[in-house]
Each structure stands twice: as C-alpha cells, then as structure tokens.
Amino acid sequence: VSVAYRLIEFKIIQKNKNDKLFVNNFKKAQVYWLKWRSTEIEAFFPTYPDSQTFYGSIKPLCVYSKLLDWTEERINHFKIYLKGVEEGDLCGPARS
C-alpha cells in the first residue's frame with residue numbers, strides 16, 4: 001500500500017506540476033494528514049504503561065490494520081484529483 005500511496009501522490013504532483021500553489025498546498029496537506037494519522041493511532045491504541053497486558057501480542061496487528069484502512073481511504077480520496085469530478089460539480093477540488 002505504501003508504494004501505491006506514493007505512486008498516486010507522485011502522479012497528482014506531476015499532473016499539476018505547473019500549479020505551484022496547488023502543489024505546495026497538496027504537499028502541506030500530506031504532511032498534516034500523516035501527522036493526523038500518527039496522532040489518531042495514539043488515540044485509538046494508547047500506549048498504557050501496561051499496554052502489553054492491555055492489548056497483548058495482537059496490538060501491532062491491530063495498529064497496522066488500522067493504518068492500512070486509513071491509508072486505503074486516503075488513496076481513494078486522492079483519486080478525485082486524477083479522475084476529476086462530474087461536469088456541473090461546482091464544489092469539487094480546484095485541480096480535478
């Protein structure tokens with residue numbers, strides 16, 4: 001998934017490389033999304049002092065499963081930048 005994520009991110013940037021404002025804002029959004037994802041994981045699966053007994057050995061699987069879910073959602077979100085929106089959709093992203 002990480003390769004697919006980076007590839008679609010690269011395609012979006014390449015498609016819009018002449019629009020510096022969009023590319024800068026898109027990259028900034030990516031930084032904040034990655035920070036959100038990391039922080040959300042901590043909220044979802046807090047690291048308690050006894051986290052090994054609280055979650056057991058399944059915690060890493062749970063964490064990676066949730067990270068995978070959110071990353072797949074983000075990839076689907078990216079697709080609008082590549083496919084565009086239907087004609088008449090006045091509230092779609094600027095670069096679609």
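If you're wondering where the values come from, they're calculated on a predicted model, not measured in any experiment.

K.L.:
Please explain the overall build of the protein chain as it appears in this structure.
P.N.:
The number of helices and strands found in the protein chain is four helices and zero strands. Starting at the N terminus, the α and β elements of the protein chain follow one another as α-α-α-α. Against the compact-globule benchmark of 12 Å for 96 residues, the protein chain has a radius of gyration of 17 Å, which places it well outside the compact range. Restricting the contact set of the protein chain to residue pairs at least 6 apart, pairs at least 24 apart contribute 58%. Here the protein chain has roughly 7,000 Å² of accessible surface; of this, 57% comes from carbon and sulfur atoms.

K.L.:
Honestly, the environment of Tyr-55 in this entry has me stumped. Any pointers?
P.N.:
Examined against the element boundaries, Tyr-55 turns out to sit in helix α3 (residues 51-55). Taking the C-alpha atoms as reference points, Tyr-55 and Lys-11, separated by 44 residues in sequence, lie 39 Å from one another. Leaving out residues up to four positions away in the same chain, Tyr-55 has contacts with Phe-44, Phe-45, Pro-46 and Tyr-48.

Criteria and thresholds
Residues numbered from 1 in each chain as written. Predicted model: local features only at pLDDT ≥ 70, side-chain atom pairs only at ≥ 80, totals over all residues. Heavy atoms only, no water. Helix = DSSP H or I, 4+ residues; strand = E, 2+ residues; numbered from the N terminus. Rg over C-alpha atoms; globule rule 2.2 N^0.38 Å. Contact = heavy atoms within 4.5 Å. Areas by Shrake-Rupley, 256 points an atom, 1.4 Å probe, with all protein chains shown as cover.

Just geometry here; none of it tells us what the structure is for.
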